[in-house]
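# Close look at the chain arrangement
Here is how the chains run, residue by residue.
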Amino acid sequence: MSAEAAKKSQPFEKRISRIITRLRSDEDASTNGESETPDSDSQPSTASSEVESGEHWPLPGLAPMTRVRTSFGDVHAVALRPGDLVKTRAGGFQPIVWLNRVLLDEQFLAEKSDSNPVRIQAGAMGPATPSSDVLVSPRQIVCPSPKSSLSERREAADLLSKPGVMRIRETGLSYTMFHLGEPAEIQCDGVFLFLAPPAE
């Protein structure tokens, strides 16, 4: 990552940290019956800018075994690293400029049910679309494609009414979040997902 890109990512990192801190603080306050003011630097850097409710999971991302098309084949999200070249819908390869992972434990996933991933089963969106199961954050944007039944970009959680799309309850999970320095659509087993840098 260039020094300029790293500098731009710092405010984003702090926003991510504040969101996770607030979610965990809401959890602690409900357990203790009191309200707390979180320390924005108390949690590991882990996205989005606002949380309207502690129950609403605000971050996009890919579950560990969701595969991303790269210059060296389909790679599980958990194995991606900054600098890896990712295939875009436009046809070229672009390097990962920023990448982070959010780790969620069993208690967090149980108490914040919206943080659990959405599974899009193989063929749920059209012929071989996706070609195998894809697990993503409920806030991950899924894009239409010629083989897909989608007509517009939608959050994964908005697809839960479709056959073959369901919420999966996990006991431990990491979401991989990354972007390519500019808005782009990437391919994950035949499904296109939208990525974008944080707003200024």
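Above this text sits the structure in question.
The structure contained in this document is the topic of the report that follows. (Residues numbered from 1 in each chain as written. Predicted model: local features only at pLDDT ≥ 70, side-chain atom pairs only at ≥ 80, totals over all residues. Heavy atoms only, no water.)

### A look at the overall build of the chain
Across its full length, the chain holds two helices and 13 strands. Considering the chain as a whole, with its 200 residues, one finds that 45% of them fall into the buried category. As displayed, the chain offers around 9700 Å² of accessible surface, 49% of which is attributable to carbon and sulfur atoms. (Helix = DSSP H or I, 4+ residues; strand = E, 2+ residues; numbered from the N terminus. Buried < 20%, exposed > 50% of the residue type's maximum accessible area, 1.4 Å probe, protein only. Areas by Shrake-Rupley, 256 points an atom, 1.4 Å probe, with all protein chains shown as cover.)

### Structural notes on the sheet that holds strand 13 (residues 191-195)
On the basis of which strands lie adjacent, the open sheet formed by four strands has the order 9-8-13-12 and antiparallel pairing. With one partner strand each, in any of the chains shown, strand 9 (154-155) and strand 12 (184-188) form the two edges of the open sheet. Sheet analysis places strand 8 (residues 141-143) next to strand 9, joined by two bridges and oriented antiparallel. Bridge pairing links isoleucine 141 to glutamate 155 in strand 9. (Pairing = 2+ DSSP bridges.)

### Some words on the nonpolar core
Ranked by size, the top nonpolar core spans 26 residues in total, and within it Leu62, Val68, Val142, Phe178, Ile186 and Leu193 carry the most contacts. Sorting the residues of this core by element identifies strand 6 (118-120), strand 7 (134-136), strand 12 and strand 13 as the ones contributing at least two each. Not counting chain neighbours up to four residues away, the residues in contact with isoleucine 186 comprise Val68, Val86, Lys87, Phe178, Leu180, Val191, Phe192, Leu193 and Leu195. Of all hydrophobic cores here, the second largest spans 13 residues; its members include Ala63, Leu104, Phe108 and Ile168. (Core = buried A, V, L, I, M, F, W, Y, C linked by side-chain atoms within 4.5 Å. Contact = heavy atoms within 4.5 Å.)

### So, the environment of isoleucine 141
Looking at the element boundaries, isoleucine 141 is found in strand 8. For the pair isoleucine 141 and alanine 156, spaced 15 residues apart in sequence, the C-alpha separation works out to 6.2 Å. When residues no more than four places from it in sequence are discounted, the contact partners of isoleucine 141 are Arg153, Arg154, Glu155, Phe192, Leu193 and Phe194.

### Notes on the pairing of strand 2 (residues 73-76)
Here strand 1 (residues 67-70) runs beside strand 2; their pairing, made up of four bridges, is antiparallel. Across the sheet, residue threonine 70 finds its bridge partner in strand 2, namely glycine 73. In sequence, strand 1 turns back onto strand 2 through a hairpin of two residues.

### A few points about the pattern of salt bridges
Under the defined criterion, the tally for this structure stands at nine salt bridges. A salt bridge links arginine 67 to aspartate 189; the shortest N-O distance between them is 2.7 Å. Of the two residues, arginine 67 sits in strand 1 while aspartate 189 sits in the loop between strand 12 and strand 13, which places them 122 residues apart along the sequence. Measuring nitrogen to oxygen at the nearest pair gives 3.0 Å for the salt bridge that ties aspartate 114 to arginine 167. Of this pair, aspartate 114 sits in the loop between helix 2 (106-111) and strand 6 while arginine 167 is found in strand 10 (residues 165-167), placing the two residues 53 residues apart along the sequence. Take aspartate 114: its relative accessible area is 13%, and that puts it in the buried class. Its relative accessible area of 23% is what places arginine 167 among the partly exposed residues. Bridged by salt links that share partners, the residues Asp114, Arg139, Glu155 and Arg167 form one connected network. (Salt bridge = Lys/Arg side-chain N within 4 Å of Asp/Glu carboxyl O.)

### Thoughts on the side chain of asparagine 116
Inspection of the secondary structure puts asparagine 116 in the loop between helix 2 and strand 6. Separated by 2.8 Å, the side chain of asparagine 116 and the backbone nitrogen of glutamate 170 make a polar contact. Here asparagine 116 is in contact with Leu109, Pro138, Arg167, Ile168, Arg169, Glu170 and Tyr175, once residues within four sequence places are set aside. (Polar contact = N/O pair within 3.5 Å; in protein donor to acceptor, adjacent residues only side chain to side chain.)

### Focus: the sheet that holds strand 10
Sheet strands line up and pair through hydrogen bonds in the backbone, either parallel or antiparallel. Reading across the sheet, the three strands line up as 7-6-10 and stay open at both edges, with antiparallel pairing between neighbours. Edge positions in the sheet fall to strand 7 and strand 10, since each has one partner strand and no second. Along the sheet, successive strands turn relative to each other by an average axial angle of 25°, direction set aside. Relative to strand 10, strand 6 is paired through three bridges, and the arrangement is antiparallel. Paired with isoleucine 120 across the bridge in strand 10 is valine 165. (Axes fitted to C-alpha atoms, helices over the stretch in contact; angles between N-to-C directions.)

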